[in-house]
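Analysis of the macromolecular model
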Amino acid sequence: MEVEVRVDGVHYFKGWNWLRGHYLSMDKGTARGLMSAQVFNIALPTRSGRQIAEFTPGGLNFDRVKQACDLTPKKPSKD
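Residues numbered from 1 in each chain as written. Predicted model: local features only at pLDDT ≥ 70, side-chain atom pairs only at ≥ 80, totals over all residues. Heavy atoms only, no water.

Details of the overall build of the chain
When you go through the chain residue by residue, the secondary structure sums to two helices and six strands. Helices and strands in the chain line up, N terminus first, as β-β-β-β-α-β-β-α. Reported as C-alpha extents along the three principal axes, the dimensions of the chain are approximately 40 × 30 × 25 Å. Burial status across the chain gives 28% buried among its 79 residues. (Helix = DSSP H or I, 4+ residues; strand = E, 2+ residues; numbered from the N terminus. Buried < 20%, exposed > 50% of the residue type's maximum accessible area, 1.4 Å probe, protein only.)

This is the structure in structure tokens:
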């Protein structure tokens, strides 16, 4: 599924896969961007039209994420 991602002032499009028909599999770069974002939105197509979901990393324990997934925050580039 193609989604539009907004991380602070950077917008881009990504293709994500459905897992077991219930979950979207986010790529590593977007997950790292989410961790460093003030504003993180995902726009995706639905049967009733385009829907936007907003997330915040508030309360996320970065040390535990690094330990479990080996991910650290990273700002996306504007290129």
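After that view, the rundown keeps rolling.
A look at the pairing of strand S1 (residues 2–7)
Of the two faces of S1, only one is covered, namely that formed by Val3, Val5 and Val7; the face formed by Glu2, Glu4 and Arg6 stays uncovered. The pairing of S1 with strand S2 (residues 10–15) spans six bridges and is classified as antiparallel. Bridge pairing links Val3 to Lys14 in S2. Two elements, S1 and strand S5 (residues 40–46), share four bridges in a ladder whose sense is antiparallel. Residue pairing in the sheet places Val5 in a bridge with Ile42 of S5. (Pairing = 2+ DSSP bridges.)

Description of the sheet that holds S1
The strand order across the open sheet built from four strands is S2-S1-S5-S6, with neighbouring strands paired in antiparallel fashion. At either margin of the open sheet sits one strand with a lone partner, and together these are S2 and strand S6 (49–55). The average undirected angle you get between the axes of adjacent strands in this sheet is 25°. Bridge analysis of S5 against S6 gives seven bridges, and the strand direction is antiparallel. Looking across to S6, one finds that Ile42 is bridged to Ala53. (Axes fitted to C-alpha atoms, helices over the stretch in contact; angles between N-to-C directions.)

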